[in-house]
Structure formats: C-alpha cells, structure tokens
Amino acid sequence: AQTVTQSQPEMSVQEAETVTLSCTYDTSESDYYLFWYKQPPSRQMILVIRQEAYKQQNATENRFSVNFQKAAKSFSLKISDSQLGDAAMYFCAYRSVLRDDKIIFGKGTRLHILP
Amino acid sequence: NAGVTQTPKFRVLKTGQSMTLLCAQDMNHEYMYWYRQDPGMGLRLIHYSVGEGTTAKGEVPDGYNVSRLKKQNFLLGLESAAPSQTSVYFCASSYMGLAAGELFFGEGSRLTVL
C-alpha cells in the first residue's frame, strides 16, 4: 500500500526567506501524480502545485516550486520570498494513475511565517 | 462557478441525534469523497464513490453511511452521532481515468457532537 510521510509537523520561516517542506512517499508504481495542497486558517483546501511522475521537469507556480526525485521517492515544496499569507497547513498527496480512485494524504506540515 | 458545495457549514448535535451532510458538485465529476480532519491526523477517508449509485468504504467508515443517488450529489449520514464524530468534514470530487488529476474540495463542515 502506498504511504505519504511528512516528517516536519511544524516549521517556521522569516518573512521574505525561503523554506522547503519535505515529503516522501512509498509506491511500487511508476505512473502517478503528486500534489501539494495549502490549507489556510479559512480551512479551504487549495491546490498549490501538481507533478506528473512521467515528467522529469520540476513543476513551478510563481514562488512555489518542487524538487521531485522519483528514484528517491521524494517530493519537497520550496516556497521562495515567503509572505504572511503563506502561513497555513500544507499537505502532500499521492494519486495512482492505475488505481485513480485512491488519493493518499500526508499528515501535514504547519508553516508559520515570522514577520 | 460553485464548484463543490457543502451544507451545512456548521452544526451542533447532541449524542444520539442523526444528521446528513450534503455535497454537491457542478463539474460533472465521476469521483466523490468524504474526509474527516482532526488535529494531528491529517485527512482520513470515510467513504467514497466512483460513480452514480456506487459507494465504497474508506479508512474510517464506522458510524457513517453514504448515498450517491445522483451524479452531482454525495450525502454523508450520521445515524446516531457520538462525541468521537466531532470533526471537520470535507467533501471532494474529481474526474476519473487519465483526466483524474487533483481533487476539488468543498469549504468544509464543522460538526460538534455534545
């Protein structure tokens, strides 16, 4: 069975600095999606970024980028120029292409932004 | 652009009462999900549906029932609420197959059972 591990329950970063959130996963499949979701205090789940496993190029969305290491089964999220609005819980998630009905979430990392 | 809509947003119940959470999506998604979120536990899957008329158990199904009579709606029922069911409930939906991609979430429903 697939698992997703976020080893950092909480992190803090100074405003305008860069922070990296880690995520590792375990799977025997070769085709899958990986996602980072953001959950601010409003509790709405917002998709930050997605990565298809067949793509070697790391996904980027403005200040958010990922470091996808398929062999190491690692999918970290880098937030550059951190802003107060980035304070949230961040969830890493895995979705199989073969068994696309199941999505596995990590337990989350709470990110604090220090002014 | 409604997306995924959950009702109600907040509810307080007494132990033993019943209630139904409604999830509606207007994106013609095949798959729909109910999760619960508790502090330190992340998102845990309760039940899900891969199409109209079908449902399946997730990780924590006990004490809940679901129905998907229409493609756009997914109902989560609590027959006899217990304090352990105090939580925030999220509905989500997605396409299937090669278009599956990400989940689209509702805003969440906070349920308190006294």
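> Please explain the interface of chain A and chain B as it appears in this structure.
By convention, interface size is frequently given as the accessible area that disappears when the constituent parts associate. Contacts between the two partners involve 19 residues from chain A, matched on the other side by 29 residues from chain B. Carbon and sulfur atoms supply 51% of the area buried between chain A and chain B, which totals about 1900 Å² over both sides. Counting the contacts that link chain A with chain B gives one salt bridge. The partner of Glu102 of chain B in a salt bridge is Arg50 of chain A, with the nearest N and O atoms 2.6 Å apart. At the boundary of chain A with chain B, the tally comes to 13 residue pairs in polar contact (both at pLDDT 80 or more). Of all the elements in the fold, those that place two or more residues in the side of chain A that touches chain B are strand S5 (32-39), strand S6 (46-52), strand S10 (88-96) and strand S11 (103-105) of chain A. Counting residues per element, the side of chain A that touches chain B draws most heavily on S5 of chain A, at four residues. Its residues assigned to classes, the side of chain A that touches chain B comprises eight nonpolar, three polar and eight charged.

> What am I meant to see in the state of the cysteines here?
One covalent bond between the sulfur atoms of two cysteine residues makes up a disulfide. All names here are of chain A. For the coordinates displayed, the defined rule picks out two disulfides over all chains. Here Cys23 connects covalently by a disulfide to Cys92, the sulfurs 2.0 Å from one another. As the torsion about the S-S bond is roughly -70°, the Cys23-Cys92 disulfide counts as left-handed. Taken together, the positions of Cys23 in the loop between strand S3 (19-21) and strand S4 (24-26) and Cys92 in strand S10 put the pair 69 residues apart, joining distant regions of the chain.

The rules behind each value
Residues numbered from 1 in each chain as written. Chains lettered and ligands numbered in written order. Predicted model: local features only at pLDDT ≥ 70, side-chain atom pairs only at ≥ 80, totals over all residues. Heavy atoms only, no water. Contact = heavy atoms within 4.5 Å. Buried area = accessible area lost by both parts, 1.4 Å probe. Salt bridge = Lys/Arg side-chain N within 4 Å of Asp/Glu carboxyl O. Polar contact = N/O pair within 3.5 Å; in protein donor to acceptor, adjacent residues only side chain to side chain. Helix = DSSP H or I, 4+ residues; strand = E, 2+ residues; numbered from the N terminus. Nonpolar A, V, L, I, M, F, W, Y, C, P; charged D, E, K, R; others polar. Disulfide = S-S within 2.5 Å.

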